[in-house]
Amino acid sequence: ELKVEQNPLFLSMQEGKNYTIYCNYSTTSDRLYWYRQDPGKSLESLFVLLSNGAVKQEGRLMASLDTKARLSTLHITAAVHDLSATYFCAVDFGGNNRLAFGKGNQVVVIP
Amino acid sequence: EAGVTQSPTHLIKTRGQQATLRCSPISGHTSVYWYQQALGLGLQFLLWYDEGEERNRGNFPPRFSGRQFPNYSSELNVNALELEDSALYLCASSFYLTGGLTGELFFGEGSRLTVL
């Protein structure tokens, strides 16, 4: 069974501090996406990770992929309020974009 | 360059009615996907179309159906609406590469369906 687990499901962050959220998946993956979703909005693509050891950074966010451990992490550096959102990890198990999504990490950054 | 566009943004229907949602992919993309985000159920894959053909289908009843037109735009039809069909329906598109492989996925803004 294809499973994608994200944790923690809810995370309250203090501004200025660093945090990491995790995405574990159950079987070999061809591609892993990280998305951001604001309330009532669609999915904003953050990163696409394709291979073992892939690391991508954009602003205060950095994502990495360890295909051997079946683990991706999203690291937030010096959290700011604008990063408050729900972050979804989605795994493409067949290379055809039939994605399995995690339940999301709801992040609230408190001043 | 225009992204994935969806219409309508919001749609309100009553139980038993039919809903039709529309999607235009990014220019050059031939694959169109539909995903459902229902409260409490998370994001689930619904359908994948490419070159007018249904390529894959998620675990949804047959009253969820769709089609893809020659210009690669797509419709999602939901018949005999039930209350639990209330959800955000997201369309996405990508290139089709070869051998069942597709390029990076891009999502539209979604259509919110409310069933009363």
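Now for a look at the structure at hand. (Residues numbered from 1 in each chain as written. Chains lettered and ligands numbered in written order. Predicted model: local features only at pLDDT ≥ 70, side-chain atom pairs only at ≥ 80, totals over all residues. Heavy atoms only, no water.)

### Topic: the overall build of chain B
On a plain count of helices and strands, chain B comes out with zero helices and eleven strands. Ordering the α and β elements of chain B from the N terminus gives β-β-β-β-β-β-β-β-β-β-β. By the compact-globule yardstick of 13 Å for 116 residues, chain B fits well, its C-alpha radius of gyration being 13 Å. Across the 116 residues of chain B, 48% fall into the buried class. For chain B, the share of sequence-separated contacts (at least 6 apart) that also reach a separation of at least 24 residues comes to 54%. With the model as given, the accessible surface of chain B reaches about 5600 Å², and the carbon-plus-sulfur share is 51%. Here chain B contributes 8 positively and 11 negatively charged side chains, and the mean placements of these two sets differ by 9 Å. (Helix = DSSP H or I, 4+ residues; strand = E, 2+ residues; numbered from the N terminus. Rg over C-alpha atoms; globule rule 2.2 N^0.38 Å. Buried < 20%, exposed > 50% of the residue type's maximum accessible area, 1.4 Å probe, protein only. Contact = heavy atoms within 4.5 Å. Areas by Shrake-Rupley, 256 points an atom, 1.4 Å probe, with all protein chains shown as cover. Lys, Arg positive; Asp, Glu negative; His and termini not counted. Charge placed at Lys NZ, Arg CZ, Asp CG, Glu CD.)

### A short note on the state of the cysteines
By definition, a disulfide links the sulfur atoms of two cysteines through a covalent bond. Residues and elements named next belong to chain A. One pass over the structure, following the stated rule, counts two disulfides over all chains. Between the sulfur atoms of Cys-23 and its disulfide mate Cys-89 the distance is 1.9 Å. Looking along the S-S bond of the Cys-23-Cys-89 disulfide, the torsion reads about -50°, which is the left-handed sense. Within this pair, whereas Cys-23 is found in strand β3 (residues 19–25), its partner Cys-89 is found in strand β9 (residues 85–92), the two being separated by 66 residues in sequence. Per residue, the accessibility class of Cys-23 equals that of Cys-89, and both read buried. (Disulfide = S-S within 2.5 Å.)

### Examining the layout of surface pockets
By volume, the largest pocket is sized at about 1300 Å³. Along the wall of the largest pocket there are 49 residues; nearest its centre are Gly-102 and Lys-103 of chain A together with Leu-41, Gly-42 and Leu-43 of chain B. Listed by contribution, the elements that provide at least two residues to the lining of the largest pocket are β1 (4–7), β9, β10 (99–101) and β11 (105–110) of chain A together with β4 (31–38), β5 (42–50), β9 (87–94) and β11 (111–115) of chain B. (1 Å grid on protein atoms, 1.4 Å probe; cavity = no way out; pocket = protein on both sides within 12 Å on 5 of 7 lines; lining within 4 Å. Points joined across faces, edges and corners; volume = space filled by probe spheres on them.)

### Some details on the packing of aromatic side chains
Tallying each qualifying case throughout the model produces twelve aromatic pairs over all chains. Between Tyr-25 of chain A and Phe-93 of chain A, the ring centres sit 6.5 Å apart and the planes meet at 65°, which makes this aromatic pair edge-to-face. Pair noted here: Tyr-25 of chain A is in strand β3 and Phe-93 of chain A is in the loop between β9 and β10, with a separation of 68 residues, a long-range link. The class of Tyr-25 of chain A is buried, set by a relative accessible area of 7%. The class of Phe-93 of chain A is buried, set by a relative accessible area of 13%. Plain terms: the ring middles of Phe-60 of chain B and Phe-64 of chain B are 5.2 Å apart, the flat faces sit at 65° to each other, and that makes the pair edge-to-face. A residue is classified by how much of its surface remains accessible, and Phe-60 of chain B, at 12% relative accessible area, is buried. Ring-pair connections join several aromatic residues into one group, and the members of that group are Tyr-33, Tyr-35, Phe-88 and Phe-101 of chain A together with Tyr-35, Phe-45 and Phe-107 of chain B. (Phe/Tyr/Trp six-rings, centres within 6.5 Å; stacked < 30°, edge-to-face > 60°.)

### A few points about the sheet that holds strand β6 (residues 55–58) of chain A
All names here are of chain A. Taken in spatial order, the five strands of this open sheet run β1-β3-β8-β7-β6, and their pairing is antiparallel. The open sheet terminates on both sides in strands that have one partner only, identified here as β1 and β6. On average, each strand axis in the sheet is inclined to that of its neighbour by 15°, with strand direction left out of account. In terms of strand pairing, strand β7 (residues 61–66) meets strand β8 (residues 71–76) through six bridges, oriented antiparallel. Note on β8: the bridge partner recorded for Ala-63 is Leu-74. (Pairing = 2+ DSSP bridges. Axes fitted to C-alpha atoms, helices over the stretch in contact; angles between N-to-C directions.)

### Some details on the interface of chain B and chain A
Across the boundary between the two partners, chain B contributes 23 residues, which contact 18 residues of chain A. Buried area between chain B and chain A, both sides added, is near 1600 Å², and the carbon and sulfur share of it is 50%. The interface formed by chain B and chain A holds zero salt bridges in total. Applying the counting criterion to the chain B and chain A interface returns eleven residue pairs in polar contact (both at pLDDT 80 or more). Contributing elements (two or more residues each) for the side of chain B that touches chain A: β4, β5, β6 (53–57) and β9 of chain B. (Buried area = accessible area lost by both parts, 1.4 Å probe. Salt bridge = Lys/Arg side-chain N within 4 Å of Asp/Glu carboxyl O. Polar contact = N/O pair within 3.5 Å; in protein donor to acceptor, adjacent residues only side chain to side chain.)

### Examining a nonpolar patch on the surface
On the surface, Phe-95, Leu-97 and Leu-101 of chain B cluster together into a nonpolar patch covering about 290 Å² of accessible area. You can see Leu-101 of chain B is positioned in the loop between β9 and β10 (106–107). (Patch = residues over 30% accessible without salt bridge, like charges linked within 9 Å, V, L, I, M, F, W, Y side chains within 5 Å.)

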